[in-house]
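Chain residues, written in single-letter form:
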Number of protein chains: 2
Amino acid sequence: MKNSIGREIPDELLAGGREIFRGNNHRDGYGYTKAGPKVRAAVKPQESKVVPTLRAAIEACGLRSGMTVSFHHHFRDGDYVVNMVMREIEAMGIRDITIAASSVGSAHDPVAAMIESGVVTGLQTSGIRGRMGEVVSHGKLATPAVIRSHGGRVRAIEMGEVHIDVAFIGAPSCDEFGNARGKGGKSDCGVLSYAMVDAKYADRVVVITDTLVPFPNFPPSIESVDVDCVVVVDEIGNAKKIASQAIRISQDPRELKMASDCARVMAALPYFKDGFSFQTGAGGPSLAVNRFIEPVMRERGIKMKWALGGITKPTVELLERGLIECIVDTQDFDTDAVASVHENRNHYEISTSQYANPMNKGAFVNKLDFAILAALEIDTDFNVNVVTGSDGVLRGAPGGHPDASAGAKCTIIVTPLVRGRIPTVCDRVVTVTTPGESVDVLVTDYGIAVNPSRPDIARALDEARIAHTTIEALRDRAYGMVGVPDEIAFGDHVVAIVEARDGTILDVVWQVEAHDA
Amino acid sequence: MKNSIGREIPDELLAGGREIFRGNNHRDGYGYTKAGPKVRAAVKPQESKVVPTLRAAIEACGLRSGMTVSFHHHFRDGDYVVNMVMREIEAMGIRDITIAASSVGSAHDPVAAMIESGVVTGLQTSGIRGRMGEVVSHGKLATPAVIRSHGGRVRAIEMGEVHIDVAFIGAPSCDEFGNARGKGGKSDCGVLSYAMVDAKYADRVVVITDTLVPFPNFPPSIESVDVDCVVVVDEIGNAKKIASQAIRISQDPRELKMASDCARVMAALPYFKDGFSFQTGAGGPSLAVNRFIEPVMRERGIKMKWALGGITKPTVELLERGLIECIVDTQDFDTDAVASVHENRNHYEISTSQYANPMNKGAFVNKLDFAILAALEIDTDFNVNVVTGSDGVLRGAPGGHPDASAGAKCTIIVTPLVRGRIPTVCDRVVTVTTPGESVDVLVTDYGIAVNPSRPDIARALDEARIAHTTIEALRDRAYGMVGVPDEIAFGDHVVAIVEARDGTILDVVWQVEAHDA
């Protein structure tokens, strides 16, 4: 059955009540009852929830084969928690586990073997990279992986579509009662926004920390009222990889040109006024936009009211210079962001439900003016792919891309026209992760295109004498430079479902043959 | 059927699955599934949830006869919200409403007439005073009122025993999207701890404010993700009555003597050591304890780690003087407490679930060292009554009393032996609101008694040469001074159920005849 963006969704995937995507706002006003966890009451006064080992915690939580466990990815490539927990689960002879993570990456390569051995048979995630991406793409996972945006993940948990039996929450600091924070430890990650929903909706919650601090560890991101056990380990992650200082604004003239053009587009639109709001991705060109909007803001005497999303140094600097009134933070990408959150009184942590859940009573993205985002591919319908490579293998993450772009009044994709021999602008993206209706403008190093659904933006660019062309012209230019890409030889087996924010099916990912097999 | 403290609970009250009280920790380890609200998704980007009138909000929420509405009591005697909403409900012809409030008082006298007219047919509350207490005591409410502790209220909501159809949350400041705070307005109440659970568990949530502020109103006590509508009115309350500056430490020598004795008892116990925790009520003698423990703390070179509960100036002063490391706040009783919370970085707002819910995974009260509380009556089983007067009429509030006393390692009741012609210490309290097993020491102006269940405390007092006697001796002394009280002439109709923290029935309140009838 074809969904509203023309993607063929195999009927067997719709058997369980799943629906096909019918447009961003199809489920506006939809009514449902929120899920609730199964809780074991701690009526009796108690001093401590610390258990001696990870195994003791797993046993105390009654984890058994067939259950679902969850993780967050605030530690990024420095994460030790997923492997630590999964190795213990494997050693205990537990199998058939579904991992419901906010994201998994190359730090979790050891889990790929557990997919092959049947310890892990289900995967629900935003990002998927490295060995796990390969084994899933090669059809080794027993069930299709489910790929969601950050807002879509919270939605699925709050609606009960993902039921977490045991949440394992790595926390830089925690007290004996389970109040956990993203700071105060030896491997600070700043915020714990992704894990907040897990703590509230999982039946059992285990906090894993390497820094036990005195009670009460306040203000907590994870509240002790939701925590069953605390485990103290040597190291929860590699602090250098959790928050690297290395994210710098690009010096690449092509990237700077795109960032400058993006800032010019922003400045030409009515949303660019005092009190506007803004979210950028963490990629080089997106980050550089911060640099280019600063002089325009100063020139016009305007300030940004709030900046949203994954936070990096350039945004923190704009806050410190008084050009942003506050930062609303769901993930810290560098040490500057980690240092700022909770210390600067105008830099706030929020949950991913507050950030982007499309089916609560209104998330931050719903009020966003600008979203500046990247793409692996964008097609002539403005559909974006950020999850599969040009070979069809899973190696990306929707993250907050579908959320911010759906909410923002103006979403600008900033991306080079080609990468190596691969055209970025194409006829049909391998996988749709963000539907074209969410995308308003494409800025490339070879020109700008406006989505025909936004004639108002096209007019504004015309008035500002900013040249723009059609996306078809950009595609032709890309194809002219590197040729028309070959069709990927997919198998006939669905290895992953890409859910739209609202839980409908946006696209599917098909099996690809292992070249090294 | 008699419960474990010997109170007769009529069988008809047990028909609906209710159970009798069987001791504080009877339900430890009890498993249940948390409730979830019915949510209407706001997928589509939207700018504002402000509706023009209160009536428009009530209509938008689909409120109709037979439903349950909720309120909080952070505005105390200065509250305008309950009357404002109930008058509109009455004017709309809606009837048979259950009010689920964290407390109601004499500010809500106009609602008493709505009980008599059948607009209000159910009442769930902690406190009940003034005209409402009278009409309920006189049997005018169609169903028995349910009286709960603050922790018990959160428990009942989180377990789904109280289902709130529409929560009306008065907030000193709110943005157009529903982020609401206890500060930033013209009638600040400091925290909104009682309302947090309403926002998370009510199907529909209306924030009523007199101070609309720019988005985002951060950090919010009530998150916009849970809010359906925002209503702006002229005044939500009388700021002078919300937080009076007038709470002063007693100058009454008898009260000071009791406070001094209470501090001596505390100082004689092993819990009085560096890092201890502490909660006091807002009454004169309890407050004065702050003054008397300060010199002992300085002398011994110890500090308090955390102070909990309803907060007043003496506690804020100890924080500012460095004798308390942090305050964990659920209600602000004076302007000093309102000024301190969120401003002093060690003065935190918590929800009442974090504070005292007996059936989450561990509340703050579970780790409390000392609770210093008052009583209207205390009997020779150490059972305390804080809800009915000596005439049997409802005019009090369990509040956090049953919660703090159940959790604390040492609970001290500080109360004069007699009040006017009424003995405070007696054979049998009119109504049990806190069971005797929660109470460890009684300090009166005529002597100290230790609960026989705590021989360890008696020994510690002996070692410190602090005289103490039996509670029977104190009762005899009281009766010797003012005589044995007459039996109250109760009717045979139950007007209120006093729930224990865990949802079992601790006691019932019987109808009394209206003397003015």
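Our structure's up above, just so we're on the same page.
Conventions adopted
Residues numbered from 1 in each chain as written. Chains lettered and ligands numbered in written order. Predicted model: local features only at pLDDT ≥ 70, side-chain atom pairs only at ≥ 80, totals over all residues. Heavy atoms only, no water. Least-squares fit on C-alpha atoms with pLDDT ≥ 70 in both. Contact = heavy atoms within 4.5 Å. Helix = DSSP H or I, 4+ residues; strand = E, 2+ residues; numbered from the N terminus. Buried < 20%, exposed > 50% of the residue type's maximum accessible area, 1.4 Å probe, protein only. Pairing = 2+ DSSP bridges. Axes fitted to C-alpha atoms, helices over the stretch in contact; angles between N-to-C directions. Parallel < 35°, antiparallel > 145°, perpendicular 65-115°, else oblique. Left-handed = near helix turned anticlockwise from the far one by under 90°. Nonpolar A, V, L, I, M, F, W, Y, C, P; charged D, E, K, R; others polar. Arc of directions from axis to C-beta.

Engineer: How should I be thinking about the relation of the copies chain A and chain B in this particular structure?
Structural biologist: Between the two copies of the chain lies a rotation about an axis combined with a shift along it. Rotating chain A by 180° and moving it 0.0 Å along the rotation axis overlays it on chain B with an RMSD of 0.0 Å. The superposition operator between the copies reduces to a two-fold rotation axis. Minimal C-alpha distance to the rotation axis in chain A is attained by Gly36 of chain A, lying at 2.9 Å. The residues that chain A uses at the interface reappear at the interface of chain B in 100% of cases, marking a shared surface.

Engineer: Quick question: what am I supposed to make of the side chain of Asn290 of chain B here?
Structural biologist: All names here are of chain B. By the secondary structure assignment, Asn290 is in helix H9 (residues 284-300). Relative accessible area serves as the criterion here: at 2%, Asn290 is assigned to the buried category. Discounting residues that sit within four places of it in the chain, Asn290 has contacts with Phe278, Thr280, Pro314, Thr315 and Leu318.

Engineer: I tried to follow the sheet that holds strand E7 (residues 145-147) of chain B on my own but got confused; where do I start?
Structural biologist: Two modes of strand pairing occur in sheets, parallel and antiparallel, and in both the strands are linked by backbone hydrogen bonds. All names here are of chain B. Ordered in space as E3-E12-E11-E8-E4-E5-E6-E7-E26-E27, the 10 strands form an open sheet in which the pairing is mixed. The sheet is open, and its two borders are formed by strand E3 (50-51) and strand E27 (505-512), each paired with just one other strand. Alignment of strand E5 (residues 97-101) against strand E6 (residues 120-125), held across four bridges, turns out to be parallel. Bridge assignment links Ile99 to a residue of E6, and that residue is Leu123. Its contacts with the sheet put helix H6 (residues 193-201) on strand E4 (68-71), strand E8 (166-171) and strand E11 (204-209), and the angle it makes with E8 is roughly 145°.

Engineer: Would you mind going over the packing of helix H8 (residues 253-267) of chain A against helix H9 (residues 284-300) of chain A with me for this structure?
Structural biologist: How two helices pack is summed up by the angle between their axes together with the distance between the axes. Residues and elements named next belong to chain A. At their nearest, the axes of H8 and H9 sit 8 Å apart, and the two run at 45° to each other. On the basis of their axis angle, the class for H8 and H9 is oblique. At the point where H8 passes H9, the crossing takes the right-handed sense. Across from Glu255, Leu256, Met258, Ala259, Ser260, Cys262, Ala263, Met266 and Ala267 in H8, the residues of H9 making contact are Gly284, Pro285, Ala288, Val289, Arg291, Phe292, Ile293, Val296 and Arg300. Split into classes, the residues belonging to the contact of H8 with H9 amount to 13 nonpolar, two polar and three charged.

Engineer: Could you clarify how one ought to interpret the sheet that holds strand E15 (residues 324-332) of chain B in this entry?
Structural biologist: Residue and element names in this part refer to chain B. The strand order across the open sheet formed by eight strands is E16-E15-E14-E13-E17-E20-E24-E25, and the pairing between neighbours is mixed. Since the sheet does not close on itself, it has two edges, and those belong to strand E16 (347-349) and strand E25 (447-450), each with one partner. Along the sheet, successive strands turn relative to each other by an average axial angle of 20°, direction set aside. Pairing analysis gives four bridges linking strand E17 (residues 370-373) to strand E20 (residues 410-414), with the strands arranged parallel.

Engineer: What is the right way to read helix H3 (residues 109-117) of chain B from this model?
Structural biologist: Residues and elements named next belong to chain B. Taken as a whole, H3 has its buried residues at Val111, Ala112, Met114 and Ile115. Taken around the axis of H3, the buried residues stretch over an arc of 160°, which confines them to a single face. One or two positions beyond H3, positive phi appears at Gly118, with a value near 90°.

Engineer: Looking at this structure, I do not really get the packing of helix H5 (residues 150-158) of chain B against H6 of chain B. What am I missing?
Structural biologist: All names here are of chain B. At a minimum axis distance of 10 Å, the contact between H5 and H6 shows a crossing angle of 5°. Comparing their axes, H6 and H5 come out roughly parallel. Of H6, the residues touching H5 (which contributes His150, Arg153, Val154, Ile157 and Glu158) are Tyr194, Val197, Asp198 and Tyr201.

These values are about where atoms sit, not about what they do.
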